Amino acid sequence: MFESLFRIRAIARNTLTEALRQKVLNILLLFGVIAIVSGFLFANFTLAEQFKFLKDFSIGAMSVFGLLIALMGTAQLLPNEIENRTIYTILAKPVRRSEFLIGKYCGMLALLATTMLLMSIVFVGVILTKERLMINAELRDAQGANAEMQAMANENIKQIHKEARDPRLIQAIVLTYAKLAVVAGLALLISTFATSAIFTVATTFMVYIIGHLESVARAAWLTGGSEVNFAAKIFLGVLSFLVPDMNIYNVIDEIIAGSAVPWSHTLNVLSYTGIFLLILMSVAILIFNEREL
Amino acid sequence: MSTPDSPKTDLAVEIRSLTKRYALPWKRKVLVAVDQLNLTVRRGEVFGLLGPNGSGKSTTLKMLLSLIKPSEGEAWIFGQPVDTIEARRTVGFLPENPYFYKFLNGDETLRFYGGLAGMQGIALDNKIEELIKLVGLENGRDRPLSAYSKGMLQRIGLAQALIHDPELLFLDEPTAGVDPIGSREIRDLIVRLRDMGKTVVFSSHLLEQVQEVADRVAIMSLGKKMVEGSLNDLLTVQDRTQFIAQDLSPAAQEEVRQLIEQRGGRNVSVSSPKLSLEQLFLKTVEYERAAQKPGVAKPTNER
């Protein structure tokens with residue numbers, strides 16, 4: 001058991017090193033530009049709107065860049081190993097195929113965590129700088145002004161604090177990470193039987209879209225009364241087992257829009273994610289064990 | 001437990017009726033890559049698996065490593081079924097044209113493979129030190145593998161195969177694409193490994209190389225084993241005799257020939273032994289290399 005974890009760690013670390021040395025983190029530069037631009041370009045909007053732009057663009061960019069890495073990066077993991085025959089040398093050592101696959105996935109999770117963490121740091125840096133600058137501006141405006149103006153400035157400062165130090169952003173980032181983990185898991189599962197990385201990317205993307213439409217279809221068909229035929233119900237049942245319901249991650253948008261989303265709901269979503277990942281990995285291992293290399 | 005049919009633990013490799021078929025549905029045909037192969041490799045011998053491209057050598061090695069599943073038959077490594085993790089603890093493998101991870105340097109590569117075999121700490125450090133010396137890669141430790149030459153890749157490949165001190169080594173075309181000197185070094189290494197008590201199974205289609213190092217060989221063709229046996233037995237032409245002499249004049253040669261014919265020898269031929277092109281190449285290049293070494297260097301006017 002312990003030996004097994006040791007081998008998984010070795011493979012995960014190697015996967016992370018490979019990605020880092022291929023300069024995946026260069027994507028951070030682009031992210032930094034987006035965060036800064038969205039943070040300071042819209043200065044003539046209201047306070048709340050300015051922060052909403054910054055959060056929207058930054059979390060959105062995190063999500064898109066994360067998706068790119070999760071999709072492209074994971075889709076290439078197995079094909080690269082097979083093409084370079086490195087997988088032969090690894091599996092010729094006392095390593096189980098399940099350990100290899102889990103190690104690869106953990107390496108990808110570590111890469112996504114690293115990227116998300118660094119993007120979050122950039123994001124927090126930008127948002128705190130913006131807070132500082134805006135508060136300074138308020139104080140400057142309030143200097144020597146009448147009591148009414150000063151009271152308004154104080155109100156504004158309170159609002160700036162509240163917007164900039166919104167703890168719900170942590171929820172948004174954690175949920176974004178969970179979504180990326182599911183996409184990476186899907187891509188890994190598909191790549192265990194895919195014959196090319198392109199196929200994996202295309203299929204994963206399709207499943208991702210279906211995952212977004214799934215709950216819409218379910219709502220439309222299943223509440224449609226007795227007219228919905230049996231086949232449609234079966235189809236939807238199978239679909240919801242195979243395809244994760246990606247709409248559960250839409251709460252991210254609600255959080256950014258300013259709605260309160262309780263942590264209990266976030267934890268529910270995370271548990272769903274965890275269970276779905278367990279199913280994904282089990283199926284991936286079953287398929288990969290039978291694969292001819 | 002021990003039936004007459006149970007695998008023998010004193011054999012390094014035991015293969016019984018191993019068969020691999022690939023269905024080609026679009027052609028409605030079945031390709032038989034390996035056909036009812038029976039083979040044994042004894043502990044401590046160097047075994048050469050010969051055959052043209054596509055004769056089933058690599059497929060056989062892959063089945064022995066459980067990278068692909070046999071359609072029929074069974075195989076054991078030191079008595080362990082090949083699809084167990086225990087079998088792979090005793091095996092090192094160098095695939096054909098290996099690439100490894102380009103972004104790791106020599107040291108990191110060996111550290112990674114050592115970790116996979118459950119090694120760590122000082123034991124791993126010492127082993128890496130020892131292997132780098134054994135394969136002569138002192139100048140490649142800090143260089144990324146993307147900057148390695150073909151010969152260096154083959155040597156780091158050999159080192160990673162040896163990292164967990166396996167008793168048995170599978171080398172798939174270990175000298176393919178390597179220049180004659182590098183190829184010679186790999187052959188010397190195989191001999192050294194045998195002297196260290198390892199069993200080596202290697203595949204090749206370069207016959208002369210096999211002849212130099214293998215104790216026993218099997219020749220495969222179209223998935224079937226055609227011949228198996230010790231090189232000495234296979235290559236000695238039983239009803240022929242050969243003399244080699246130095247400084248024998250043509251007249252003396254004629255005398256000897258007549259004597260042989262008088263004593264009943266038939267089909268006598270007289271000729272001078274020839275170097276192989278490889279021997280000539282190595283002799284020439286090694287002379288040049290030795291001359292380049294400091295201390296042996298010829299005086300020169302160049303700066």
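Data block above holds the structure.
Residues numbered from 1 in each chain as written. Chains lettered and ligands numbered in written order. Predicted model: local features only at pLDDT ≥ 70, side-chain atom pairs only at ≥ 80, totals over all residues. Heavy atoms only, no water.

**Description of the overall build of chain A**
Spelled out, the test is: The helix and strand labels rest on DSSP assignments: H or I over at least four residues marks a helix, E over at least two residues marks a strand, and numbering proceeds from the N terminus. Residues count as neighbours in contact if any of their non-hydrogen atoms are within 4.5 Å of one another.
Within chain A one finds 11 helices and zero strands. For chain A, the sequential pattern of α-helices and β-strands runs α-α-α-α-α-α-α-α-α-α-α. In terms of overall dimensions, chain A has C-alpha extents of about 80 × 55 × 35 Å along its principal axes. A separation of at least 24 residues holds for 82% of the contacts in chain A among residues at least 6 apart in sequence.

**A closer look at the sheet that holds strand β7 (residues 168-172) of chain B**
Residue and element names in this part refer to chain B. Here is the rule we go by: Each pair of strands is called paired provided DSSP finds at least two bridges between the two strands. Under this scheme, a helix contributes an axis fitted over its contacting stretch, all axes are lines through C-alpha atoms, and angles between N-to-C directions fall in the 0 to 180 degree range.
The mixed open sheet is built from six strands, whose spatial order is β6-β7-β8-β3-β9-β10. Edge positions in the sheet fall to β6 (91-94) and β10 (224-230), since each of these pairs with one other strand and no more. If you compare each strand with its neighbour and ignore which way they point, the axes differ by 15° on average. Sheet topology places strand β9 (residues 216-221) next to β10; six bridges connect them, and they run antiparallel. Bridge assignment links Ala 218 to a residue of β10, and that residue is Glu 228. On the sheet, helix α5 (residues 150-162) packs against β6 and β7 and is oriented at approximately 165° with respect to β6.

**Brief notes about the side chain of Thr19(B)**
Going by this rule: Buried residues are those whose accessible area, probed at 1.4 Å on protein chains only, stays under 20% of the maximum for their type, while exposed residues exceed 50% and partly exposed ones sit between those limits.
By secondary structure assignment, the location of Thr19(B) is in strand β1 (residues 11-24). Owing to a relative accessible area of 1%, Thr19(B) belongs among the buried residues under this scheme.

**Looking at the interface of chain B and chain A**
This is how the line gets drawn: Defined here as a combined quantity, buried area equals the accessible surface (1.4 Å probe) lost by two parts on assembly, summed across both. Whenever Lys or Arg places a side-chain nitrogen within 4 Å of a carboxyl oxygen from Asp or Glu, that contact is recorded as a salt bridge. Here a polar contact means two N or O atoms within 3.5 Å. Within protein one must be a hydrogen donor candidate and the other an acceptor candidate, and residues neighboring in sequence count only if both atoms are side-chain atoms.
Each side of the interface is counted separately: chain B has 35 residues, and chain A has 28 residues. Buried area between chain B and chain A, both sides added, is near 2,900 Å², and the carbon and sulfur share of it is 58%. Three residues stand out in chain B for area buried against chain A, namely Leu67(B), Phe103(B) and Leu116(B), and they jointly supply 25% of the buried area on that side. Viewed at the interface, chain A and chain B are joined by four salt bridges. The closest approach of N and O atoms between Arg21(A) and Glu108(B), which form a salt bridge, is 2.9 Å. The interface formed by chain B and chain A includes 15 residue pairs in polar contact (both at pLDDT 80 or more). Going through the elements one at a time, β1, α2 (85-89), β6, α3 (106-116) and α5 of chain B are the ones with two or more residues in the side of chain B that touches chain A. In terms of residue count, α3(B) provides more of the side of chain B that touches chain A than any other element does, five residues in total.

**Observations regarding α3(B)**
Along α3(B), nine of the 11 residues are buried, which leaves the element largely enclosed by surrounding structure. Where α3(B) is buried, its residues meet α1 (2-21) and α4 (86-91) of chain A together with α4 (121-135) and α5 of chain B. You can read the cap of α3(B) off the contacts: a side-chain oxygen lies 3.1 Å from the backbone nitrogen of Asp107(B), and it is on Asn105(B). Two residues or fewer after α3(B) comes Gly118(B), characterised by a positive phi angle close to 85°.

**Considering helix α1 (residues 57-64) of chain B**
All names here are of chain B. Counting buried positions over the eight residues of α1 gives six, a clear majority of the element. All of the buried residues in α1 are Lys 57, Thr 59, Thr 60, Leu 61, Met 63 and Leu 64. Positive backbone phi, approximately 65°, marks Ser 66, located one or two places after α1.

**Re the side chain of Arg88(B)**
Inclusion rule: Only four residue types enter the charge count, namely Lys and Arg as positive and Asp and Glu as negative; His and the chain termini do not.
Mapping Arg88(B) onto the fold places it in helix α2. Notably, Arg88(B) is buried but unbridged: the nearest opposite-charge side chain belongs to Asp83(B), and the N-O separation is 7.4 Å. When residues no more than four places from it in sequence are discounted, the contact partners of Arg88(B) are Leu91(A), Ala92(A), Lys93(A), Pro94(A), Val95(A), Leu65(B), Val82(B), Asp83(B) and His164(B).

**A look at the sheet that holds β1(B)**
Residue and element names in this part refer to chain B. The strand order across the open sheet formed by four strands is β2-β1-β4-β5, and the pairing between neighbours is antiparallel. The outermost strands of the open sheet, each flanked by one partner alone, are β2 (29-42) and β5 (80-81). Relative to strand β4 (residues 72-77), β1 runs antiparallel, the two sharing five bridges. By the bridge assignment, Ile 15 is partnered in β4 with Ala 75. Relative to the sheet, α1 contacts β1, β2 and β4, its axis offset from that of β1 by approximately 115°.

**Describing the packing of aromatic side chains**
All names here are of chain B. Our working definition: Ring geometry is summarised as follows: Phe, Tyr and Trp rings, the Trp one being its six-membered ring, pair when their centres sit within 6.5 Å, and such pairs are stacked at plane angles under 30 degrees, edge-to-face over 60 and tilted between the two.
Within this structure, the stated rule accounts for nine aromatic pairs over all chains. With a centroid separation of 6.0 Å and 80° between ring planes, the pair formed by Phe 100 and Tyr 113 is classed as edge-to-face. Of this pair, Phe 100 sits in the loop between β6 and α3 while Tyr 113 sits in helix α3, and the two are 13 residues apart along the sequence. Consider the rings of Tyr 101 and Phe 103, whose centres lie 5.7 Å apart with planes at 55°: the pair is tilted.

Limitation: the analysis is restricted to geometry and does not speak to function.
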